[in-house]
Amino acid sequence: MAGALLVAKANKVPGVKPPPIQALVRAQDRLTFLYAEHCVVNRADNAVTITDAHGTIHVPAAALGVLMLGPGSNITYAAISLLSESRSTCVWVGERGVRYYCHGSSLAQSTRLLEAQAKLVSSERSRVKVARNMYAMRFPNENTDGLTMQQLLGKEGTRIRRAYAKESKRTGVQWSGRSYKVTDFDDADEVNKALSAANTALYGVTHSIIVALGCSPGLGFVHAHNERSFVYDIADLYKADITIPLAFDLVSQEIEDVSVAARKGIRDRMKDGRFMQRCVRDIRRLLLEPEEIKESELEVEDITTKLWAGASGYVESGRNYASSQQNDDVESTDEFANEFDDADGTDSYEESMTDELTSLSTEEGRENENLQEQEDKS
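It should be emphasised that the depicted structure is a prediction, and the values quoted were computed from it without experimental measurement. (Residues numbered from 1 in each chain as written. Predicted model: local features only at pLDDT ≥ 70, side-chain atom pairs only at ≥ 80, totals over all residues. Heavy atoms only, no water.)

(A) Geometry of the packing of helix α3 (residues 112-121) against helix α4 (residues 124-138). It is at 6 Å that the axes of α3 and α4 come closest, and there the two elements cross at 110°. On the basis of their axis angle, the class for α3 and α4 is roughly perpendicular. Contact residues: Lys 119, Leu 120 and Val 121 in α3; Ser 126, Arg 127 and Val 130 in α4. Its residues assigned to classes, the contact of α3 with α4 comprises three nonpolar, one polar and two charged. (Axes fitted to C-alpha atoms, helices over the stretch in contact; angles between N-to-C directions. Helix = DSSP H or I, 4+ residues; strand = E, 2+ residues; numbered from the N terminus. Parallel < 35°, antiparallel > 145°, perpendicular 65-115°, else oblique. Contact = heavy atoms within 4.5 Å. Nonpolar A, V, L, I, M, F, W, Y, C, P; charged D, E, K, R; others polar.)

Shown next as structure tokens:
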């Protein structure tokens, strides 16, 4: 018993101490994503283990961007704790990764990008400016200044139609338009299945990067009223370069299961880490001013919680900021209360109120007695 008490005193917080934020792998330097289904996810030291009928593999948690868990997957408490400590994002998805359910913790502890995102999306002028910058990334040789949102949407629609037509002509795959049902993945032709699977994998990677940087996936600039609006905004920057060519290539090769092949194709195109670096760079470029962007600076900062002091800016937390003027006000209030105190310590104000109430009740009693006498005489 005494030994247990000593251990409890030595370790005030039970469990393994998580690594410091600065020791973790940066978001853009991590692996892209790993999809797993019909398996058991556990922990072995600092690695996540994935066990299925084919055996067990070990994945370093700190180097993983997002773990996508599909149907039939079971994850242990130890594995979730490791992913949380490593700030790896765990995303629960539907069969073949075509649905998103929820995600785990973030890599970031600083709210700098989140505050910038909320500020930009709250003003119509700044929101349109960010949307123009997004379209400028898609149209590098065109000037988007002064274009309205309706004009930008029209240009984007034209660009995507041309991208589909171009890939159809290049691969010889027939294209009859984008068609898919969220509730029924199989109710579509092969190229639309491939597009849906590839886009979902792209959404998962983009989502992991957004939450890893501490941004809100729901505060979009072009897309709105959806919990992943910003995810769709960022993913749309890369579809014409990544998912659309991939989908048409897979269908032209007559692969049996295009959904699995699409996920593997996205993985192969991102395994060198360049996409995550590009995505992090683009998000920072959209949300921060040029002078705020420092390529050598860590995207994850371990900062102390601050208090907002209005026009004074931010001040340190954990302190009492009662000013001397406020103390003087408190003392003057005490002096005002003491003015009613008599020398013997009684409150003359309360006594005066008591006397006044007593006299009122006496007068009321006399009036009642007079009324009673008049009634008796009558």
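Structure shown, so let's carry the discussion forward.
(B) Structural view of the pattern of salt bridges. Going through the model one piece at a time under the given rule, you end up with nine salt bridges. A salt bridge links Lys 155 to Glu 142; its shortest N-O distance comes to 2.5 Å. Here Lys 155 is found in helix α5 (residues 149-171), whereas its partner Glu 142 is found in the loop between α4 and α5, with 13 residues between them in sequence. Judged by its relative accessible area of 27%, Lys 155 falls in the partly exposed class. Ionic pairing is found between Glu 167 and Arg 170, a salt bridge with its closest N-O pair at 2.5 Å. With Glu 167 and Arg 170 both in helix α5, this residue pair falls three residues apart, about one helical turn. Here Glu 167 falls in the buried class, since its relative accessible area comes to 8%. Taken together, the shared-partner salt bridges connect Arg 138, Glu 156 and Arg 159 into one network. (Salt bridge = Lys/Arg side-chain N within 4 Å of Asp/Glu carboxyl O. Buried < 20%, exposed > 50% of the residue type's maximum accessible area, 1.4 Å probe, protein only.)

(C) Broad picture of the packing of aromatic side chains. Inspection of every chain in the model, using the stated rule, returns six aromatic pairs. On the basis of an interplanar angle of 15° and a centroid distance of 6.4 Å, the ring pair of Tyr 135 and Phe 139 is categorised as stacked. For Phe 139, a relative accessible area of 7% puts it in the buried group. The interplanar angle of 55° and the centroid separation of 5.6 Å between the aromatic rings of Trp 175 and Phe 248 together place this pair among those described as tilted. Pair noted here: Trp 175 is in the loop between α5 and α6 (190-212) and Phe 248 is in helix α8 (residues 243-252), with a separation of 73 residues, a long-range link. Taking relative accessible area as the criterion, Trp 175 reaches 21% and is therefore assigned partly exposed. Given the relative accessible area of 0%, Phe 248 is considered buried. (Phe/Tyr/Trp six-rings, centres within 6.5 Å; stacked < 30°, edge-to-face > 60°.)

(D) Summary view of α3. The set of residues buried in α3 consists of Leu 113, Ala 116, Gln 117, Leu 120 and Val 121. Projected down its long axis, α3 shows its buried positions confined to an angular sector of 120°, all on one face. Where α3 is buried, its residues touch α4, α7 (229-235) and α10 (274-287). (Arc of directions from axis to C-beta.)

(E) Seen up close, the pairing of strand β5 (residues 64-69). When you tally the buried positions in β5, you get six out of six residues, the bulk of the element. Pairing of β5 with strand β7 (residues 89-93) involves four bridges; the strand directions are parallel. Residue pairing across strands places Met 68 opposite Val 91, the latter belonging to β7. (Pairing = 2+ DSSP bridges.)

(F) Representation of the nonpolar core in the model. Membership of the largest hydrophobic core comes to 39 residues, with the highest contact counts inside it found for Ile 209, Phe 230, Ile 234, Phe 275, Ile 283 and Leu 287. Listing elements by their share of this core, those giving two or more residues are α3, α4, α6, α7, α8, α9 (258-270) and α10. The contacts of Ile 234, once residues within four sequence positions are left out, are Met 134, Thr 206, Ile 210, Cys 279, Ile 283 and Leu 286. (Core = buried A, V, L, I, M, F, W, Y, C linked by side-chain atoms within 4.5 Å.)

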